[in-house]
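# A closer look at the structure
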Amino acid sequence: MYRYDAIDREFLADRSAEFRENVVRRLAGEITEDQFKPLRLMNGLYLQLHAYMLRVAVPYGSLDSRQLRRLAHIARVYDKGYGHFTTRQNIQYNWIRLGQAPDILDALAAVDMHAIQTSGNCIRNVTADPYAGATAEEIDDPRVWSELIRQWSTLHPEFSFLPRKFKIAVTAAAKDRTAAKVHDIGLVLRRGRDGTLGFEVIVGGGQGRTPYVGPSIAEHLPAGRLLSYLEAILRVYNRHGRRDNKYKARIKVLVAALGAEAFKREVDEEWSKLDPALADAPDTELARIRGAFTPLAFETLPARSEAFETARAADPAFARFARNNVKAHKKSGYAIVEISLKAPGQTPGDASADQMDVVADLAERYGLDDIRVTHEQNLVLPHVKLDDLPTVFAALQAAGLATPNIGLISDIIACPGLDYCALANARAIPIAQSIARRFEDQDRAELVGELKIKISGCINACGHHHVGNIGILGVDKKGEEFYQLSLGGSGQEDASIGKILGPGVTAEQVPDAIEALVDTYLAVRQGEERFLDTVRRVGFAPFKEAVYADAH
Amino acid sequence: MPTLIRLQHGVYAAAEDRFVDVADGDAIPAAAPVILSLARFQAEGDALLGAGREVGVRIASDEEIETLAYDLPRLAVVALQFPKYGDGRAYSSARLLRQRLGFKGEVRAVGDVLRMQAGFMVRCGFDSFAPADGSTPEQWANAAGRFRHVYQRGADARAPVFEERA
């Protein structure tokens, strides 16, 4: 965890006081909803279908037990007893009363949390690899760079009224768990041939109505020049991004219109005018940030744990959990534990207050007090001893948090859809639930293997359907909900945008259609080939035939 | 005469606006200092400046501030327009005026200028404000000075947190 100092805390206190004053003015009728709207949107407060929705920032998806307990407390006291973890590693509450919002922000500030830049046309909360600091794959800890970006972008004087929202993701591992290539800026940290740290800078990826895999405009930006390069990109975008049409205002449209080469030239020209001494962070500050992350007291442990091996041999349920939810850690004797928020019948990403408390307790007792939120809407205990895994598993199981489906067919991303969202055309959550129920048989799910289904309730694509191996988009046709299927998308290092398979199907037909796709895959796959690889190899024909056979 | 909020030597105060904001179709008044659109300035600015008139230029949010680079030493005011509060291009223009083009005169925020923007504007180098929401200088000062700390360098003199910490 990055530890806040007095300066960070005073900043949050000032922010809270400002928000409270504005809410008081609104409730007293001194300002209209129109005047209040920009103020509340700068604090993550949306007006949704039924109530206010508050989105709380979880910077780069990193929490400690004290913070997660506070999120549970807020769910219990100010909402209906649960919260919803989002694809941007944040948490949102769907049933907030305006008069209580200032108290919530105060309660958050007391544990170094806030809702700054979780909405509005600004640089949004930066996201990072949820395995940061735990995976052996990483070149450096992406949280250090994410925290640098968090500070630089916080109430940025020049870049708080951009043409549209702006999302940055940071990863330092070859396996991309951040969907870096479909962000406004994706930063991939690598070590160059000369040993220096540098960023590949990917700009203009995105989903929404016009999905793009972002092009790379810098192969190896010296890491110390990150902030000035971001400033150059943001300035070009702030000045030249479209403002006449909100659907064409994201940076991806500017990059696509100019072409990646011309956009890069503009950025490089702007960058050449910036003075590193003024525009880049001093090395001392970077070192201070690095040092402000709590050092973790790893024990020296053997790679093999008897307790783990014994439990795995004795308990098939634990063995299944270990196969699917436990990932390799950089330290021997430790593991990364994924906690699925996709139990059958559950709303993807939802966690009850009690469940949050359980995870917080486990993190404190067995997980070096570290918790992560993933962009796939699950939680992670990044540092658990293999010896403690059976105990942690039992506690998760008792809390309904041990669903062994990470990366499998029922580990679905879905937006809130028509059940909550004012923009949606169709339901998304019930579709996810019906698919999860259909594939409840865990043996079969494991046989199918990695298969990412992503569901959006409208073309804004908050459910990431464009990058689903199977994408599902809800559309409204003359008052009836239909679901368009697409295949072949990926949000990972092999990113691609899925293509539409054929005509939409009804909500009731969705599970059958998915089943037909899966059966086809199982029939034609070669060896260990993932669903995505099979689709890429054989094309759409057999899948199309299977889904639409009955319709002929 | 309309009033402005001016920031001078760290103090926000009401100030009379000596300049006549001349719309493109209107005649230029006989003697008063004027603010002209960029196009009008390019056509008529030299003559007015030559006659000893104080002249300012109004820059629309889609106009490039660099166009004025060589005229800046002769200008008293650059008025940057906010057609809507959410159109943030003028923030970049203000910062470039101060930090890249070295403009020392008045940088004025005009249009949909709201109190909630005060802090951002001041940090980008604006020192003159024509609020659209009836804000008083005191309210403006409170809004602009709300935060004890700033996380990054701007066009103002405030020390960012990493200098405070050093």
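Below is a short write-up of the structure. (Residues numbered from 1 in each chain as written. Chains lettered and ligands numbered in written order. Predicted model: local features only at pLDDT ≥ 70, side-chain atom pairs only at ≥ 80, totals over all residues. Heavy atoms only, no water.)

## Considering helix 6 (residues 226–240) of chain A
Quick reminder of the rule: Numbering goes from the N terminus for both helices and strands, where a helix is a DSSP run of H or I of at least four residues and a strand is a run of E of at least two. Multiplying 1.5 Å by the residue count of a helix minus one yields the expected span of that helix. Only protein chains enter the accessibility calculation, which uses a 1.4 Å probe; a residue whose area is less than 20% of its type maximum is buried, one above 50% is exposed, and one in between is partly exposed.
End to end, helix 6 of chain A covers 21 Å across 15 residues, agreeing with the expected 21 Å (1.5 Å per residue, within 8%). Judged by how many residues are buried, helix 6 of chain A sits mostly within the fold: 14 of 15 residues are covered.

## Topic: the pattern of salt bridges
Put simply, the rule reads: Here a salt bridge means any side-chain nitrogen of Lys or Arg lying within 4 Å of a carboxyl oxygen belonging to Asp or Glu.
A full pass over the atoms with the stated rule returns 73 salt bridges over all chains. With a shortest N-O distance of 2.6 Å, Arg-40 of chain A and Glu-33 of chain A are connected by a salt bridge. Among the ionic pairs, Asp-46 of chain B bridges to Arg-74 of chain B, the shortest N-O distance being 2.9 Å. Of this pair, Asp-46 of chain B sits in helix 1 (residues 38–50) while Arg-74 of chain B sits in the loop between strand 5 (55–59) and strand 6 (77–82); the two residues are 28 residues apart in sequence, bridging distant segments of the chain. Residues participating in the shared-partner salt-bridge network are Asp-5, Asp-8, Glu-147, Arg-150, Glu-285 and Arg-288 of chain A together with Arg-165 of chain B.

## Some details on the interface of chain B and chain A
Put simply, the test is: Contact criterion: two residues are considered in contact whenever any of their non-hydrogen atoms come within 4.5 Å of each other. Here the quantity called buried area is the total loss of accessible area, with a 1.4 Å probe, experienced by two parts when brought into contact, counted for both. Pairing of N or O atoms within 3.5 Å defines a polar contact, subject to two protein rules: one partner must be a possible hydrogen donor and the other a possible acceptor, and residues neighboring in sequence count only if both atoms are side-chain atoms. Gly counts as polar in this scheme, as do all residues outside two lists: the nonpolar Ala, Val, Leu, Ile, Met, Phe, Trp, Tyr, Cys and Pro, and the charged Asp, Glu, Lys and Arg.
Tallying the contact residues gives 31 residues for chain B and 43 residues for chain A. Note on chain B versus chain A: buried area summed over both sides is about 3,600 Å², and carbon and sulfur give 55% of it. Counting every contact that joins chain B to chain A gives twelve salt bridges. Among the ionic pairs, Arg-95 of chain B bridges to Glu-158 of chain A, the shortest N-O distance being 2.8 Å. The tally of links from chain B across to chain A stands at 20 residue pairs in polar contact (both at pLDDT 80 or more). In the side of chain B that touches chain A, the residues fall into eleven nonpolar, six polar and 14 charged.

## A closer look at the pairing of strand 4 (residues 82–85) of chain A
All names here are of chain A. Put simply, the test is: Strands pair, by our definition, only if DSSP identifies at least two bridges between them.
Here three bridges tie strand 4 to strand 13 (residues 350–352), and the two strands are oriented antiparallel to one another. Following the sheet pairing, His-84 is matched in strand 13 by Asp-350. One ladder, built from two bridges, connects strand 4 with strand 5 (residues 91–96); its direction is antiparallel. Counted as the bridge partner of Phe-85 is Ile-91 from strand 5. Counted along the chain from strand 4 to the antiparallel partner strand 5, the turn is five residues long, and its residue Gln-89 has a positive phi close to 65 degrees.

## Here we look at the packing of helix 1 (residues 6–27) of chain A against helix 4 (residues 101–109) of chain A
Residues and elements named next belong to chain A. Note the threshold: To get an axis, fit a line to the C-alpha atoms, keeping to the stretch in contact for a helix; angles then go from 0 to 180 degrees between the N-to-C directions. Here the angle decides the label: under 35 degrees means roughly parallel, over 145 means roughly antiparallel, 65 to 115 means roughly perpendicular, and every other value means oblique.
Contact geometry for helix 1 and helix 4: axes closest at 9 Å, N-to-C directions at 175 degrees. Looking at the two axes, helix 1 sits roughly antiparallel to helix 4. From helix 1, Leu-12, Ser-16, Phe-19, Arg-20 and Val-23 reach across to helix 4, where they touch Ala-101, Pro-102, Asp-103, Leu-105, Asp-106 and Ala-109. When grouped by side-chain class, the residues that make up the contact of helix 1 with helix 4 number seven nonpolar, one polar and three charged.

## Comments concerning the state of the cysteines
All names here are of chain A. Inclusion rule: The criterion for a disulfide is a pair of cysteine sulfur atoms lying within 2.5 Å.
Overall, the coordinates contain zero disulfides over all chains when judged by the stated rule. Cysteine Cys-421 shares no disulfide, and the gap to the nearest cysteine sulfur, in Cys-458, comes to 6.2 Å. The cysteine Cys-458 is free of any disulfide, with Cys-462 supplying the nearest cysteine sulfur at 6.2 Å.

## Describing the side chain of Ser-340 of chain A
All names here are of chain A. With respect to the helices and strands, the residue Ser-340 is situated in the loop between strand 12 (334–339) and strand 13. At a separation of 3.0 Å, a polar atom in the side chain of Ser-340 contacts the main-chain amide nitrogen of Lys-342. Polar side-chain contacts of Ser-340 include one of 2.7 Å to the side chain of Asn-405.

## Some remarks on the packing of helix 12 (residues 316–325) of chain A against helix 14 (residues 389–398) of chain A
Residue and element names in this part refer to chain A. At a minimum axis distance of 11 Å, the contact between helix 12 and helix 14 shows a crossing angle of 100 degrees. As the angle between them shows, helix 12 and helix 14 are arranged roughly perpendicular. From helix 12, Ala-317, Phe-318 and Phe-321 reach across to helix 14, where they touch Leu-389, Pro-390, Phe-393, Leu-396 and Gln-397. Looking at the contact of helix 12 with helix 14 residue by residue, the class counts come to seven nonpolar, one polar and no charged.

## Some words on the packing of aromatic side chains
Where we set the bar: Aromatic rings from Phe, Tyr and Trp, taking only the six-membered ring of Trp, are treated as a pair when their centres fall within 6.5 Å; an angle between ring planes under 30 degrees marks them as stacked, one over 60 as edge-to-face, and anything in between as tilted. Counting as a charge over the ring demands two things of the Lys NZ or Arg CZ atom: a distance within 6 Å of the ring centre and an angle within 35 degrees of the ring normal.
Overall, the coordinates contain 22 aromatic pairs over all chains when judged by the stated rule. Taken together, a centroid distance of 6.0 Å and an interplanar angle of 70 degrees make the contact between Tyr-2 of chain A and Tyr-4 of chain A edge-to-face. An angle of 15 degrees between the planes, with centres 5.5 Å apart, marks the rings of Phe-161 of chain A and Tyr-91 of chain B as stacked. In this pair, Phe-161 of chain A is assigned in the loop between helix 5 (142–153) and strand 7 (168–171) and Tyr-91 of chain B in helix 2 (residues 89–99), connecting two distinct chains. Of the two residues examined, Phe-161 of chain A and Tyr-91 of chain B, each falls in the buried class. One aromatic cluster is present, formed by Phe-161 of chain A together with Phe-82, Tyr-85, Tyr-91, Phe-120 and Phe-126 of chain B through successive ring pairs. Its guanidinium or amino end placed over the ring of Trp-95 of chain A, Lys-80 of chain A lies 3.5 Å from that ring's centre, counting from NZ or CZ. Looking at Arg-209 of chain A, its charged tip hangs above the ring of Tyr-247 of chain A, at a distance of 3.4 Å from the centre.

Note that every value here comes from positions in space, so none of it alone points to a role or purpose.
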